[in-house]
Amino acid sequence: MTEVENTKPELPENVRVRFCPSPTGIPHVGMVRTALFNWAEARHTKGTFVFRIEDTDAQRDSEESYNQIIEALNWLGIDWDEGINVGGPDGPYRQSERGDIYKDVAAKLLEAGYAYESFSTPEEIEARNVAAGRPKAFGYDGYDRNLTEEQKAAFRAEGRKPALRIRMPDEDVAFDDLIRGRIEFKAGSVPDYVIVRPNGDPLYTLTNPVDDAMMRINVVLRGEDLLSSTPRQIVLYRYLIELGVAKEMPLFGHMPYVMGQGNKKLSKRDPESNLFLHRDNGFIREGLLNYLALLGWSIAPDRDVFSMDEMIEKFDVRDVKANPARFDIDKAISINAEHIRMLEPQDFLNRSVPYLKRDGVVSADSWDALTDREREVLTAAAPLVQPRVRLLGEVAGMVGSLLSAEGYIEPDADAKKQLKDSAPEVLDKAIAALDGVDEADWKTDNLHETLNKTLVEEGGYKPRLAFGPVRVAMSGRRVSPPLFESMEIVGKDVSMARLRGLREHL
């Protein structure tokens, strides 16, 4: 394979793209990036986005994974125009329901001589390679291309059943990739390949191009890992056009690898690839999609944060970079934090509540089902917490102490470490000063003024040493919502109980 001059073709007038995952595991970020780029291209060009499922591998496919893929797309807001659960003119949209279609096309390919019966076993192919001085794993050698009817009959008499192979032409195969430019595969570099197993099961090498042809897909955007199969698809497409099954050759664009830790391709088994793990940690759809869009594409040289509407307006697959993209979890979290800050306060609260219920700090998993007190506290806390969290999974740690009526909160280990020898004395002074503050005056500004005067101005403590023990007493954490606002939300009785509680434990 060689990449030549950078020639990228024009897109067709009526773009038709597809997303066609196999249901073989939990949805991963590479899969979602593929869906996102196809969706964005369809929406940008006002084309059609088709969603189908490639589930002909009965041993690996699962209904659970199928449902998870649909759940993932729905959560992310990636919608489709034709396909699963939507319908359309080219269904069914699950390959497991299209068996008769593949049998019919395979028979036509065989009858026309574009495919042929191959009786060679893997062991025989390896043995012939060794005998010819080639590497054992060199691949198929074309042995069955010109078998006579007598030879075929003899194999059948032995009980053998043939696979079907596509007859690759003895010529270079070249195409203009939408992302990589001109790519050429030399004649002989791609052997005749199997499209139907001896047991009659069709393979991806047949089902994928046939579905694309019958669903009139004219732009195929997929991962770089599938680039080596493209010359096979181009040759098969030529045959399908000759047979009237396909109307035109689609354009191909191969998106860059997503890299993980080190210099390795991000694996399905890497935790960072697990879409639902990111959701569980508190990514919101806007933040995660924004980051995934940056894995090979950018909206502008000096801009990382944007909405999906902005992406749709600007996206052109020909602007995607061919170089591998690295998944950087820290950058992903940073971008997610930006999107959390852009949420309307009530939207932020609505999305946070399921995480708060999961983490045991509220009584229900929806805003309307919360108690009046919970809604009151969270409404007051939202402007304090929203600018400070990066993931929705962090909200419980920030508001848990505000919702709790506990008089003493056991400090986290890192919070304990920041308590210096002066902490007991600081707490004594704070308790004495605050004890005289009336409930009616238990307000943010007054609390700040009182403690600042007592501990900093008169006590001579640096602010960190003055307010650190009070913060630990109020939240049990080293990092918490703003201190004095938190004390106002919690109220005098609970605040004083927490100050005394920590003092007793020092």
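Everything discussed here concerns the structure shown above.
Since the model is a prediction, treat every value here as computed from it, not as a measurement. (Residues numbered from 1 in each chain as written. Predicted model: local features only at pLDDT ≥ 70, side-chain atom pairs only at ≥ 80, totals over all residues. Heavy atoms only, no water.)

Engineer: Tell me about unusual backbone geometry, and please be specific about residues and values.
Structural biologist: In this structure, the amide linkage connecting Gly91 to the following residue, Pro92, adopts the cis form with an omega of 0°. As for its position among the elements, Pro92 is in the loop between strand S4 (82-83) and helix H3 (99-111). Despite not being glycine, Lys46 shows a phi value in the positive range, around 55°. Checked against the element boundaries, Lys46 lands in the loop between helix H1 (29-45) and strand S3 (48-51). Lys46 sits in the exposed class, given a relative accessible area of 77%. Even without a glycine there, the phi angle at Asn85 is positive, about 65°. (Helix = DSSP H or I, 4+ residues; strand = E, 2+ residues; numbered from the N terminus. Buried < 20%, exposed > 50% of the residue type's maximum accessible area, 1.4 Å probe, protein only.)

Engineer: If you had to explain the pairing of strand S5 (residues 115-118) to someone new, which residues and values would you point to?
Structural biologist: Alternating positions in S5 separate into two faces, Ala115 and Glu117 on one and Tyr116 and Ser118 on the other, with burial throughout. Strand direction decides the pairing type here: S5 and strand S6 (residues 163-166), joined by four bridges, are antiparallel. Each residue of the ladder has a partner; that of Glu117, found in S6, is Leu164. (Pairing = 2+ DSSP bridges.)

Engineer: Which residues make up the packing of aromatic side chains, and what values do they have?
Structural biologist: Across all of its chains, the model carries 10 aromatic pairs by this definition. Centre to centre, the rings of Phe175 and Phe252 are 6.0 Å apart; their planes meet at 70°, and the pair counts as edge-to-face. With Phe175 in strand S7 (residues 173-177) and Phe252 in strand S11 (residues 251-255), this residue pair connects regions lying 77 residues apart in the sequence. Phe252 shares its class with Phe175; the two are buried. Note on Phe467 and Phe484: the rings are 5.4 Å apart at their centroids and 90° apart in plane angle, and the pair reads as edge-to-face. Separated by 17 residues along the polypeptide, Phe467 in helix H18 (residues 463-475) and Phe484 in helix H19 (residues 483-490) bring together distant segments of the chain. (Phe/Tyr/Trp six-rings, centres within 6.5 Å; stacked < 30°, edge-to-face > 60°.)

Engineer: Can you tell me about a negative patch on the surface, naming the residues and giving the values?
Structural biologist: A cluster of like negative charges, contributed by Asp445, Glu449, Glu457, Glu458 and Glu488, occupies part of the molecular surface. A total of four residues in the negative patch trace back to one element, the largest contributor, which is helix H17 (residues 444-458). Within the fold, Asp445 resides in helix H17. (Patch = residues over 30% accessible without salt bridge, like charges linked within 9 Å, V, L, I, M, F, W, Y side chains within 5 Å. Areas by Shrake-Rupley, 256 points an atom, 1.4 Å probe, with all protein chains shown as cover. Salt bridge = Lys/Arg side-chain N within 4 Å of Asp/Glu carboxyl O. Lys, Arg positive; Asp, Glu negative; His and termini not counted. Charge placed at Lys NZ, Arg CZ, Asp CG, Glu CD.)

Engineer: Can you tell me about the pattern of salt bridges, naming the residues and giving the values?
Structural biologist: Opposite charge on two side chains makes pairing possible when the charged atoms of those side chains draw close. Here the structure, examined in full by the defined rule, presents 44 salt bridges. The salt bridge partner of Arg375 is Asp372, with a shortest N-O separation of 2.7 Å. Placement of the pair is Arg375 and Asp372 together in helix H13 (residues 372-385), with a separation of three residues, close to one helical turn. Look at the salt bridges and you will find they share partners, linking Arg18, Arg52, Glu54, Arg98, Asp211 and Asp212 into a network.

Engineer: Give me the sheet that holds S3: which residues, what numbers.
Structural biologist: With parallel pairing, three strands are arranged side by side in an open sheet as S2-S3-S4. Edge positions in the open sheet fall to strand S2 (16-19) and S4, since each of these has one partner strand only. The pairing of S3 with S4 spans two bridges and is parallel. From the neighbouring strand, Phe51 faces S4, where its bridge partner is Gly83.

Engineer: Break down the nonpolar core for me, citing the residues and quoting the values.
Structural biologist: Counting residues in each nonpolar core, the largest one holds 93 residues, and the members touching the most others are Leu36, Leu109, Leu206 and Met311. The element contributing the most residues to this core is H1, with nine residues. Residues Val353, Leu392, Ala415 and Met496 belong to the second largest nonpolar core, which totals 54 residues. (Core = buried A, V, L, I, M, F, W, Y, C linked by side-chain atoms within 4.5 Å.)

Engineer: Quick one: what's the story with empty space enclosed by the protein, residue by residue and with numbers?
Structural biologist: Scanning all chains against the criterion turns up four cavities of 30 Å³ or more. One number sums up the size of the largest cavity: a volume of about 50 Å³. Looking at the largest cavity, the residues that line it are Ser401, Leu402, Met474, Ser475, Ser480, Pro481, Leu483, Ser486, Val490 and Arg498. Elements with a minimum of two residues in the lining of the largest cavity: helix H14 (395-403), H18 and H19. Ranked by residue count, the leading element in the lining of the largest cavity is H19, at three residues. Per-class residue counts for the lining of the largest cavity are five nonpolar, four polar and one charged. (1 Å grid on protein atoms, 1.4 Å probe; cavity = no way out; pocket = protein on both sides within 12 Å on 5 of 7 lines; lining within 4 Å. Points joined across faces, edges and corners; volume = space filled by probe spheres on them. Nonpolar A, V, L, I, M, F, W, Y, C, P; charged D, E, K, R; others polar.)

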